Amino acid sequence: EAPKGTRTAVVAWLGYRTPATISATVLTPGRAEQAAPQLRAFVAELRAIAGPGTRISLLCHSYGTVVCGRAAPGLDVADIALVGSPGTGADSAAALHTRARVWAARGSDDWIAEVPHVKADLFGTTLGFGTDPVSPAFGAQVFAAGSGGHSDYFKPGSVSLTNLARIALGETKEVTRA
């Protein structure tokens, strides 16, 4: 729960054509590369409307974490939280080239844990998204997501939603670590 007097808005952005879950497109960064400039423009417009000093956080899920990873350089956001991520395409949080704090979580029943976190260039096409954001090698701040599956991160009352709300509100000391 936000401190009394806190004003918060939640905006769900889906400004791109997502790849089908079972498709070759879901294994490549093409759609994310197309979407990243649109996300950057959206955040810039949101910043212009909200004004300086307004806290903006990105809560990115599944293939959306690839989009957030591509859009991260130069984004004026406080935090980027990656949940249910197949990887971002970057080898580390530092390689996202962002001033934002980078967070990551995965529910213990999320099937995405079984997706190989590899990246390979084959015949001019990149397949896979590299380092697992919840791995120590990636270097994100890992937080608890509970026992939920791939579609449970925003479930009311869940550990993951509680921690995502804390991140969005800037209450980072209250975030339960994994």
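Scroll up to find the structure.
About the criteria used
Residues numbered from 1 in each chain as written. Predicted model: local features only at pLDDT ≥ 70, side-chain atom pairs only at ≥ 80, totals over all residues. Heavy atoms only, no water. Phe/Tyr/Trp six-rings, centres within 6.5 Å; stacked < 30°, edge-to-face > 60°. Helix = DSSP H or I, 4+ residues; strand = E, 2+ residues; numbered from the N terminus. Salt bridge = Lys/Arg side-chain N within 4 Å of Asp/Glu carboxyl O. Buried < 20%, exposed > 50% of the residue type's maximum accessible area, 1.4 Å probe, protein only. Pairing = 2+ DSSP bridges. Contact = heavy atoms within 4.5 Å. Axes fitted to C-alpha atoms, helices over the stretch in contact; angles between N-to-C directions. Disulfide = S-S within 2.5 Å. Expected span 1.5 Å × (residues − 1). Bend = angle between axes of the 7 residues up to and from the residue.

## A word on the packing of aromatic side chains
The way to describe two aromatic rings as a pair is by their centre distance and the angle between their planes.
And then number 1: Taken as a whole and judged by the stated rule, the model has two aromatic pairs.
And then number 2: Seen from their ring centres, W103 and F143 are 6.3 Å apart, and the 70° between their planes marks the pair as edge-to-face. Of this pair, W103 sits in strand β3 (residues 101-105) while F143 sits in the loop between β6 (141-142) and α3 (159-169), placing them 40 residues apart in sequence.

## A few points about the pattern of salt bridges
Working definition: two side chains of opposite charge can pair if their charged atoms are close together.
And then number 1: One pass over the full model with this rule turns up five salt bridges.
And then number 2: Residue R101 pairs with D79 through a salt bridge whose shortest N-O separation is 2.8 Å. Of this pair, R101 sits in strand β3 while D79 is found in strand β2 (residues 79-83), placing the two residues 22 residues apart along the sequence.
And then number 3: For D79, a relative accessible area of 0% corresponds to the buried category.
And then number 4: Residue R106 is joined to D132 by a salt bridge in which the shortest nitrogen-to-oxygen separation is 3.0 Å. Residue R106 is found in the loop between β3 and β4 (119-122), and its partner D132 is found in the loop between β5 (125-128) and β6; the two are separated by 26 residues along the sequence.

## Some points on the sheet that holds β3
And then number 1: Spatially, the four strands line up as an open sheet ordered β1-β2-β3-β6, and their pairing is parallel. Each end of this open sheet is capped by a strand with a single partner; those strands are β1 (57-61) and β6.
And then number 2: Its contacts with the sheet put α3 on β1, β2 and β3, and the angle it makes with β2 is roughly 165°.

## Here's the deal with the state of the cysteines
And then number 1: Taken as a whole and judged by the stated rule, the model has one disulfide.
And then number 2: Between C60 and C68 runs a disulfide, and the two sulfur atoms are separated by 2.1 Å. Note on the C60 and C68 pair: the S-S dihedral is about -90°, so by sign convention the disulfide is left-handed. For the residue pair C60 and C68, the accessibility class agrees, reading buried in each case.

## A closer look at helix α1 (residues 30-50)
And then number 1: For α1, which comprises 21 residues, the first-to-last C-alpha distance of 31 Å matches the rise-based estimate of 30 Å (1.5 Å per residue) to within 8%.
And then number 2: In α1, a bend of some 30° at A36 exceeds every other bend along the element, and P37, a proline, comes one to four places later.
And then number 3: R31, A32, A35, A36, L39, V43 and R47 are the residues of α1 that are buried.
And then number 4: Where the residues of α1 are buried, they touch β1 and α2 (63-71).
And then number 5: The positive-phi residue at the C-terminal boundary of α1 is G51, with phi of around 90°.

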